[in-house]
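For reference, the chains in residue letters:
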Amino acid sequence: MKKHLTNLLTSERHIIITGLSRSGKSTLLTSVMAQLSEHANPAGEMNRLPFLTRIPANRLLSARLVESDEAPNFDFAANLAQLQQRQWPQATTRISQFTLELTLKRPHAWQQRLLGDEIHRFIIYDYPGEWLMDLSLADLSYSDWSAHVLAQQTSEPQLSHAQSWLAMLNGFDFDLPVNSLYSDHLLHSYQHYLQSAKCAGISRLQPGALLLTPPDPAHLLGRFCPLPAKVLAQPNHPWLLHFQQRYQDYLESWVKPLRDTYFRRAQQQIVLLDLFEGLAFGRAYLAEMQESLNHLMSSFIYGKRRWYEKLHKHVSIEQVIFVASKCDLVPLSQQPRLLSLLKHVSQGASQQLKAQQIAFDHLLLSALVATKPDADNPQALRYKHPDGSTHQVEFDPIPERIHDLSEQGVYPLIHCLPPIIHQASDFRTMHLDQLLNRIMGEAS
Ligand SMILES: Nc1nc2c(ncn2[C@@H]2O[C@H](COP(=O)(O)OP(=O)(O)OP(=O)(O)O)[C@@H](O)[C@H]2O)c(=O)[nH]1
Ligand SMILES: [Mg+2]
C-alpha cells in the first residue's frame, strides 16, 4: 500500500537535451550528478549550488541514478573517472538513460508523517549528437531532402568544403549499374565532405549517420547521399530508386523508432548550443547554426496541456530552455553580450515557441569551469592547454548579433584541459543552480 502511494506521489518527467555533437551533453549530465550528490551530502565541505532554492540542501536526502529497462544506464562513474584523469568525456557512441531520483524531506512534519518523502524522477537521455540531425528527415521525401542539401552546398559556409564532392558527383556516370562498388564510391566522397565540414564547425550535416563509425546502428543503416537534379527528374532512374529505398529503410528502421521511443516523450527541452565554433569560424557559421536550430525545432511537438488533458493527450514539450554551454570560455565581463548573442541565434526558434504560447528562457551555463579570470585584465582568461602550458587570451567584445561578427570570425577556439578533479566536490560550475531551478520550477 505504502509502495503504491509512493509511486502515486512520485513526480516523473522526461527532459530532452537537444544538443549537437560536442555541445556538452555528457559533461552536463556528469556535472549534474556530481553536484547534486554533493548537495545531498550533509558532511559536504562546501555547497556549490547556493542558489538552488528549488532543492534546498537541508531537505535533499539523496540524489541517485536509478536503473531502467529501456536503455543502458548513463555511465556516471566512467565519465567522472575520465575527468579525474584530466580528460574530457569520450564522444558518446550509444544511447544511455540518466534517471535521476531526488528524495526530499517534506517542508512540514505533518506532511512528512502523512505522505512520506517527496520523490522527483527526471529521465534524460545521452546520445551521440549526430543522431539529432537526422530526426528532421522523417518529414521529407528523399528527393526533397536531396535537392535541399545540394542547394545548401552552393553557398558558404558549405561550398568551400563541398568542392571535390560536387566535382565527383557532377562527373559521375549515372548510366553505370547500381552496385556496392560504385555506390560506396559516391558515399565515401560525400562522407569526406561531411567530415571536413564538421571539423570546420558546420552544424547541419545529413545524414549524421555517415559521421559515425561502425558498429553505430545509425551508421550501418544511413548509407545514402544526395543525387543531382538530372537523376531526381527521372522517377524510375535506378540510382534514384536505390537511394530512395535506403533512405526509406533508414527512416522506418531507425529515425522514426528513435524519435518516438526517446525524443518525443519529453515535457521539457534544454536546447544546448556551443556558440564558440561559430564565433571562431565567422558569421556564415553562426547563421547556419541559427538555421539548423529552426529546422531542429520542427522535429519536436510543442503544446501546452491543461491539467485534465495530461491524462489522455500525447506528451508535448511545454517548456524550453535555450542554453549556451561552456560559458567559462569567455570572461565574466563578456557574459551579458554572450547572452544577447544566444537570444539572437535562437530568435527564429523562440518566435515559433511564442506563437504556440510555449514558455521559453535563455541561460548561460558552464557545466565544468576550466578557465580562470585574469586578475589584471577583466577582458582576459587563463587556461591550461592540453600540452600542459598555461595560456592567456584577451577578448574583443563578443558580438551581440550575428551580423556584428566579421566574415572570418576573430575569436579563438580554446582547447583547454579540464580542471583537476579528485572528487565530486571539486566540480565548479556556472549557473547550474539556475538551470536546475528552472527545471524544478514546473514541478507538480
Ligand atoms: N570549458 C568548457 N568546456 C566544456 C564544457 N563542457 C564541455 N566542454 C568541452 O566540450 C567538449 C564536448 O563535450 P561533451 O560533453 O563530450 O559533448 P557531447 O554533447 O556529449 O558530445 P557527443 O557525445 O559527441 O554528442 C568537451 O570535450 C570539452 O572540450 C564546459 O563546461 N566548459
Ligand atoms: Mg556525449
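Above this text you will find the structure in question.
Thresholds applied
Residues numbered from 1 in each chain as written. Chains lettered and ligands numbered in written order. Predicted model: local features only at pLDDT ≥ 70, side-chain atom pairs only at ≥ 80, totals over all residues. Helix = DSSP H or I, 4+ residues; strand = E, 2+ residues; numbered from the N terminus. Buried ≥ 20, exposed ≤ 12 C-beta atoms within 10 Å, placed from the backbone. Axes fitted to C-alpha atoms, helices over the stretch in contact; angles between N-to-C directions. Parallel < 35°, antiparallel > 145°, perpendicular 65-115°, else oblique. Contact = placed C-beta atoms within 7 Å. Nonpolar A, V, L, I, M, F, W, Y, C, P; charged D, E, K, R; others polar. Arc of directions from axis to C-beta. Pairing = 2+ DSSP bridges.

Q: Which parts of the structure should I look at to understand unusual backbone geometry?
A: What is expected of a backbone is that most residues other than glycine have negative phi and most peptide bonds are trans. E156 connects to P157 through a cis peptide bond whose omega is 10°. Along the chain, P214 connects to P215 via a cis peptide bond; the corresponding omega equals 5°. Tracing the backbone shows P215 in the loop between α8 (180–199) and α9 (217–221). Non-glycine residue Q357 carries a positive phi angle of around 60°. Accessibility expressed as a C-beta count within 10 Å gives 10 for Q357, which makes it exposed.

Q: What exactly am I supposed to notice about the packing of helix α2 (residues 25–39) against helix α3 (residues 76–84) here?
A: The relative placement of two packed helices is expressed as an angle between their axes plus a distance between the axes. Their axes nearest at 10 Å, the elements α2 and α3 cross at an angle of 100°. As far as their axial angle goes, α3 and α2 are roughly perpendicular. Facing α2, whose interface residues are S26, T30, M33 and A34, α3 presents F76, N79, L80 and L83. The residue makeup of the contact of α2 with α3, split by class, is five nonpolar, three polar and no charged.

Q: It is not clear to me how helix α6 (residues 142–152) should be interpreted in this structure. Could you clarify?
A: Of all the residues in α6, the buried ones are Y142, S146 and V149. Across the axial projection of α6, the buried residues extend over an arc of 70°, all falling on one side. Facing away from the buried surface of α6 by more than 90 degrees, the exposed residues are D144 and A151. Where the residues of α6 are buried, they touch α10 (229–232) and α11 (238–263).

Q: Can you help me understand the sheet that holds strand β8 (residues 371–374) in this one?
A: Read from one edge to the other, the open sheet built from three strands follows the order β8-β9-β10, with strand pairing classed as antiparallel. Strands with a single pairing partner mark the edges of an open sheet, and in this sheet they are β8 and β10 (390–394). Ignoring which end each strand starts from, the neighbouring axes of this sheet average 30° apart. Bridge count between β8 and strand β9 (residues 377–384): four bridges; the pairing is antiparallel. The residue bridging D374 from the neighbouring strand is N377, located in β9.

No statement about biological role is implied by the geometric values presented.
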